Amino acid sequence: MPVSPRITLSGHPDPSSLESLMGHSAFKGKKGQELAIELWRYLVSPESGTYHFWAPCERETGMSVLDPLKLLNVFGFSVCGVQANLLSCLFSFAGLEKARNVQIRGHHIAEVFYDGAWHLFDPDLHAYHMKHPPNHGQIASYEECVRDPSLIHSQKNPSDPYYLPDRTAKDMAELYKIEKLEYQDFCFEKTHSMDFVLRPGERILRSWKNEGRWIYFKDYRDLKKKFPKEWSPIGPWERFSPYRTYGNGRLTLDLDFKRDAKDYEALFLSHENIVIRNGGISGEKGKTANFAIEFDSPYLFAAIPDTDASGAPCGGSVVSFEYFKKGSDSSRISVEILDERLQQWNEIASFAGNFAGHGKAVLDISEHVCNRYRYVLRFRIESRGEAEIEMKQLKIVNFFILTQSSLPALKTGVNSFTYRSGAGNGEACSRRIHCVDFRDPAIFKRFLHSSENLEYNPHSAAILSPRDASNPFSIVFKLDSPSGFLRNIYVMGLFQYVLEEEKRTDRVLCEISEDAGKTWRKVFDEQVRIYTQKWHFLADAETAIESECSSCLIRFTAHTGALLAKFRLQYLEKDTQQLDTPILLVHKWIENGEKKEYSETIPKGKMSENYQIECHCPAENESVEMISL
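Residues numbered from 1 in each chain as written. Predicted model: local features only at pLDDT ≥ 70, side-chain atom pairs only at ≥ 80, totals over all residues. Heavy atoms only, no water.

**Q** Can you lay out the overall build of the chain for me, pointing to particular residues and giving the numbers?
**A** Summing up its helical and strand segments, the chain has eleven helices and 37 strands in all. Against the globule reference of 25 Å for 629 residues, the chain gives a C-alpha radius of gyration of 26 Å, in line with a compact fold. Here the chain holds 629 residues, and the buried ones make up 57% of them. When contacts within the chain are restricted to residue pairs at least 6 apart in sequence, long-range pairs at least 24 apart make up 73% of them. For the chain, the accessible area works out to roughly 26,800 Å², and carbon and sulfur atoms hold 47% of it. The centroid of the 77 positive side-chain charges in the chain is displaced by 2 Å from the centroid of its 86 negative side-chain charges. (Helix = DSSP H or I, 4+ residues; strand = E, 2+ residues; numbered from the N terminus. Rg over C-alpha atoms; globule rule 2.2 N^0.38 Å. Buried < 20%, exposed > 50% of the residue type's maximum accessible area, 1.4 Å probe, protein only. Contact = heavy atoms within 4.5 Å. Areas by Shrake-Rupley, 256 points an atom, 1.4 Å probe, with all protein chains shown as cover. Lys, Arg positive; Asp, Glu negative; His and termini not counted. Charge placed at Lys NZ, Arg CZ, Asp CG, Glu CD.)

The structure is reproduced here in structure tokens:
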């Protein structure tokens, strides 16, 4: 199976990872002010950047999305605090000395330290402020702008762009008239990755056009009333030229059951009592059969939302299949979805009918799937008595939302593309992401392997605390590879700040064991931080797995409370080579009103290929698709 196939365009930023993004020519070899300006330009550019719209939220936690890869690839929009945090993350990853978020009246901005001083950049409202002569070649700091608002309203050398059309420099200068400087740590989460596996019979299409599938987050209803000028019935949009919005894509799995049975058994997450033959799947005689299929996407599954809150989202994820019954008994096929929180199967629908012959099932599962990156379906085939029921031609279509500017857009002239596969570590690794919200007892208990000296109260501010206050508590989580051996693991936790007057110097320690707790080694060791306008600070690290193991233990030891932990596992699939397939790449666009299409076939096992597409005039980009043959 091709792992993490991706298409990049020479000269176009590739935000599929922060490493690939920083390899772009705009950033390579630059430092100090030159680098900081280029990073700001990347985010404010109408071709590559983000735009102002209400913040997307994480389904598991209800918190604003802060992960840079999600913001750059999945959404492409957010509000000032998130945009400032994103730019601070890019400053940090690019190697600039220090970064932080700052606040003026009703607005958040990013500040970065280089060349011995702090410098202020606004990625949300699109501005930075040059100092007055004789230091007019330097960008002013937050403190300098607050001390002298003329740097905003009487700027002699304004940035390009310099504020959004509805924000005058005079009005913005008023927001800098504050009594107290307010600084915040930025939160650099690195849990997400754009890695995925394209299985036989699966295709992923990414389109510049939106097809009305997006997420109506829980707070959007109130925001629509509070900021009616920012609202649009089409969903997230940019209020000013070039009026950007979101793109949509489709992840489609189409199974005709005509391949070798072993191919499907390796493709299924689990299976029991199945028989695959002659283009159909059924159960062993007299037994109930089942098979489970996992969808794990780097993009967020989306649907047509109900913005009046009178019904469920629809038209996002649809299951269809044909079935054939021998005999008119009560044999049936049922569709179930896994409740990840409780680890139990819930039936969505069943299909049967007291007849013999052919039937067709179509099931919209959008309300169960929308706003998820991963879900698991299970199909139960129940043949009763002498009669049988057989499934044929299973198709599952999942719409997702994406950032238009993340796609490799054709331009006039020769466009040089590169196809690559393989995860960030260079291997054909798959990934699994877990979010453990300590406020949810069911989730916490599901992952908890053991604990010492722990007082657990999900309704308290700390949530976790030591039973004996003179000693730290420890919690241990067990993490398993879904298939094959673990290769890497990223660990992050959100821990409680302490007040400055407490004068505490205790630390948060994270360790890993690859031998069931016999030996431990450090992942990170962080000193607790002093409260700076936020309740929690992030501690994280990524580490390679040093042995051939399919599970590991992660141990946190601390005095301070904690809100959640997240884990990203990379593992080497057992059956990746068995299911390796050729890949068909298809680009579609319009030139002078004429539809154009280009296709390229990547041979089985090839992990890199270069190709070119020439456009003779400006192109209207439509879609790029990868099909596993």
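What follows continues from the structure just given.
**Q** Can you explain the pattern of salt bridges? Please cite residues and give values.
**A** Side chains carrying opposite charge are able to pair once their charged atoms draw close together. As enumerated under the stated definition, the model contains 45 salt bridges in all. A salt bridge links Glu144 to Lys131, with the shortest nitrogen-to-oxygen separation between them at 3.3 Å. Here Glu144 is found in helix H5 (residues 142-147), whereas its partner Lys131 is found in the loop between strand S7 (127-128) and H5, with 13 residues between them in sequence. Lys131 sits in the buried class, given a relative accessible area of 17%. Ionic pairing is found between Glu514 and Arg521, a salt bridge with its closest N-O pair at 2.7 Å. (Salt bridge = Lys/Arg side-chain N within 4 Å of Asp/Glu carboxyl O.)

**Q** Any chance you could break down the sheet that holds strand S11 (residues 270-272) for me, citing the residues and the numbers?
**A** Spatially, S11-S14-S20-S17-S18 is the arrangement adopted by the five strands of the open sheet, whose pairing is antiparallel. Either end of the sheet is taken by a strand with one partner, and the two such strands are S11 and strand S18 (344-351). For this sheet the average axis-to-axis angle between neighbouring strands, irrespective of direction, equals 20°. (Pairing = 2+ DSSP bridges. Axes fitted to C-alpha atoms, helices over the stretch in contact; angles between N-to-C directions.)

**Q** Go over the environment of Pro56, please, and point to the residues and values.
**A** Note that Pro56 resides in the loop between strand S2 (51-52) and helix H3 (68-75). Separated by 535 residues in sequence, Pro56 and Glu591 place their C-alpha atoms 35 Å apart. Aside from chain neighbours lying at most four places away, what touches Pro56 is Met63, Ser64, Val65, Phe75, Phe77, Ser78, Phe217 and Tyr220.

**Q** Quick rundown of the packing of aromatic side chains? Include the residues and the values.
**A** This model, assessed by the stated rule, comprises 44 aromatic pairs. On the numbers, 6.0 Å between centres and 90° between planes, the contact of Phe27 with Tyr42 is edge-to-face. Of the two residues, Phe27 sits in the loop between helix H1 (18-22) and helix H2 (32-44) while Tyr42 sits in helix H2, which places them 15 residues apart along the sequence. Tyr42 shares its class with Phe27; the two are buried. The ring of Phe188 has Lys190 sitting right over it, with the charged end atom 4.3 Å from the ring centre. (Phe/Tyr/Trp six-rings, centres within 6.5 Å; stacked < 30°, edge-to-face > 60°. Lys NZ or Arg CZ within 6 Å of the ring centre and 35° of its normal.)

**Q** Which residues make up the state of the cysteines, and what values go with them?
**A** In this structure the tally under the stated criterion is zero disulfides. Here Cys57 stays free of any disulfide, with the sulfur of Cys370 as its closest cysteine sulfur at 13 Å. No disulfide involves Cys429; its nearest neighbouring cysteine sulfur is the one of Cys549, lying 13 Å away. Residue class for Cys429 comes out buried when judged on its relative accessible area of 0%. (Disulfide = S-S within 2.5 Å.)

**Q** Can you lay out the nonpolar core for me, pointing to particular residues and giving the numbers?
**A** By size, the foremost hydrophobic cluster in this structure holds 162 residues, and its most contacted members are Phe121, Phe268, Phe321, Phe379, Leu394 and Phe556. Top element by residues in this core is H2. It accounts for eight residues. Among all residues touching Phe556, those that are not within four sequence positions of it are Phe473, Ser474, Ile475, Phe477, Val491, Met492, Phe495, Leu509, Cys510, Phe524, Ala565 and Phe567. Counting residues in hydrophobic clusters, the runner-up holds 19 residues, among them Ile152, Tyr163, Leu164 and Tyr176. (Core = buried A, V, L, I, M, F, W, Y, C linked by side-chain atoms within 4.5 Å.)

**Q** Can you lay out the pairing of strand S16 (residues 317-326) for me, pointing to particular residues and giving the numbers?
**A** Sheet topology places S16 next to strand S21 (residues 388-402); nine bridges connect them, and they run antiparallel. From the neighbouring strand, Val319 faces S21, where its bridge partner is Ile396. With eight bridges connecting them, S16 and strand S19 (residues 357-364) associate as antiparallel partners. The partner of Lys325 across the bridge, within S19, is Gly357.

**Q** Give a detailed account of unusual backbone geometry, specifying residues and quantitative values.
**A** In this chain, Asp160 is followed by Pro161 through a cis amide linkage whose omega measures 5°. By secondary structure assignment, the location of Pro161 is in the loop between helix H6 (150-153) and helix H7 (169-175). Note that the residue after Ser241, namely Pro242, is joined by a cis bond; omega there is 15°. Within the fold, Pro242 resides in the loop between helix H8 (220-226) and strand S10 (247-255). Even without a glycine there, the phi angle at Ala516 is positive, about 60°.

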